[in-house]
Amino acid sequence: MNFLILGFLVVISVIIYLAYESYNLPSMETLQDYVPVQTTKLISADGKPIRDLYVEKREVVDIAEVPEDLRKALVFMEDRRFFEHPGVDLRGIYRAISVKIVGGNTQGASTLTQQLARNMYNVIGREKTIQRKIREFITAINIEKTYTKSEIMELYLNSVFFGHQANGIQEASIFYFGKEV
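Once a new chain begins, its residue numbering starts again from 1 and follows that chain's sequence as written. Local features in a predicted model are, by the rule used here, given only for residues with pLDDT of at least 70; side-chain atom pairs are given and counted only at 80 or more, and totals for whole chains, interfaces and linings are based on all residues. Hydrogens are left out, water is left out, and the side-chain values use all remaining heavy atoms of the structure.

Visitor: How should helix H8 (residues 169–177) be read in this particular structure?
Guide: Since the α-helix packs 3.6 residues into each turn, any two residues three or four apart lie on the same face. Along H8, the residues classified as buried are Ile-169, Gln-170, Glu-171, Ala-172 and Ser-173. Of the residues one or two after H8, Gly-178 is the one with positive phi, at around 70°. Only protein chains enter the accessibility calculation, which uses a 1.4 Å probe; a residue is then buried when its area is under 20% of its type maximum, exposed when over 50%, and partly exposed in between. Helix and strand definitions here come from DSSP, where helices need a minimum of 4 consecutive H or I residues and strands a minimum of 2 consecutive E residues; each element is numbered from the N-terminal end.

See the structure below:
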């Protein structure tokens, strides 16, 4: 009987903690209204580019413009179960914890959706804590409720930082390969 009461108290405590963490995270409306920061292009009257203005150099592209091989490579390298999980991969989390316990090399357990949540919202943070992982977990599930897998991949590819001031797949393609995606 005491274990039943203790179990009930633990479950209630976890629910209260998750509700508390959810309170400061982006709402479903905020998720639906997300638009990545883009580059503004100044064009002369004759149509020639004059200057780019940006805080983050980024040009958003439609997922249909991204080659299928690139999309497949992204899933293969970052989140092989992307099309199977609801935003979080419990098997991946279990694997990462198991490897950590036995002293192996640290492995990531974040899904594409969790990485997107971290990239989209500063409130989640970047520190390596369980609290951040819980925030990512909650936001990733909400992202999956809001967007299709294709839309999530599009948001991810347009928001991720690829180095050398290249934010998003279009800028990365131009920087690394000298051509548009």
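Visitor: Hey, could you run me through a nonpolar patch on the surface in this one?
Guide: A residue counts toward a patch only above 30% relative accessible area and without a salt bridge, and it is joined to like-charged neighbours within 9 Å or, for Val, Leu, Ile, Met, Phe, Trp and Tyr, to nonpolar neighbours within 5 Å. What sets the accessible areas is the Shrake-Rupley method with a 1.4 Å probe; for residues, cover comes only from the shown protein chains. The working definition used for a salt bridge is a side-chain nitrogen of Lys or Arg within 4 Å of a carboxyl oxygen of Asp or Glu. The grouping of Phe-3, Leu-6, Val-10, Val-14, Tyr-17, Leu-18 and Tyr-20 at the surface amounts to a nonpolar patch, some 720 Å² of accessible area in total. Locating Leu-18 in the fold gives a position in helix H1 (residues 2–23).

Visitor: Where do I start with the side chain of Arg-58 in this structure?
Guide: Its place among the elements puts Arg-58 in the loop between strand S2 (49–53) and helix H3 (68–78). Polar contact is the term for a pair of N or O atoms within 3.5 Å; when the atoms are in protein, one must be able to donate a hydrogen and the other to accept it, and sequence-neighboring residues count only if both atoms are side-chain atoms. Among the polar contacts listed, one links the side chain of Arg-58 to the backbone oxygen of Asn-158, at a separation of 2.6 Å. Of note is the side chain of Arg-58, whose polar atom sits 3.3 Å from the backbone oxygen of Ser-159.

Visitor: What is the right way to look at the packing of helix H5 (residues 112–120) against helix H7 (residues 149–159) in this model?
Guide: Any two packed helices are characterised by the angle at which their axes cross and by the distance between the axes. Axis separation between H5 and H7 bottoms out at 10 Å; the angle between their running directions is 50°. Classed by the angle they form, the pair H5 and H7 counts as oblique. Crossing angle aside, the handedness with which H5 passes H7 is left-handed. For the pair H5 and H7, the contacting residues are Leu-112, Thr-113, Gln-115, Leu-116 and Asn-119 in the first and Ile-152, Leu-155, Tyr-156 and Ser-159 in the second. In the scheme used here, Gly and all other residues not listed as nonpolar or charged are polar, with Ala, Val, Leu, Ile, Met, Phe, Trp, Tyr, Cys and Pro taken as nonpolar and Asp, Glu, Lys and Arg as charged. Residues that form the contact of H5 with H7 fall into these classes: 5 nonpolar, 4 polar and no charged. Working convention: axes come from line fits to C-alpha atoms, limited for helices to the stretch in contact. Angles between N-to-C directions cover 0 to 180 degrees. An angle below 35 degrees is treated as roughly parallel, one above 145 as roughly antiparallel, one from 65 to 115 as roughly perpendicular, and anything else as oblique. In this scheme the crossing of two helices becomes right-handed for a clockwise turn of the near helix relative to the far one and left-handed for an anticlockwise turn of less than a right angle. Contacts are residue-level and defined by heavy atoms, with any inter-residue pair within 4.5 Å sufficient.

Visitor: Explain the pattern of salt bridges here, please?
Guide: Note that side chains of opposite charge can pair when their charged atoms are close. The tally for this structure, following the rule as stated, stands at 9 salt bridges. A salt bridge links Arg-118 to Glu-136; the shortest N-O distance between them is 2.4 Å. A residue pair is termed long-range when its members are at least 10 positions apart, and Arg-118 in helix H5 and Glu-136 in helix H6 (residues 130–146) qualify at 18 residues. With a relative accessible area of 0%, Glu-136 lands in the buried category. Across the pair Lys-149 and Glu-144 runs a salt bridge whose closest N-O atoms are separated by 3.0 Å. A single burial state applies to Lys-149 and to Glu-144, both of which are buried. Each of Arg-118, Arg-132, Lys-133 and Glu-136 takes part in one network of salt bridges that share partners.

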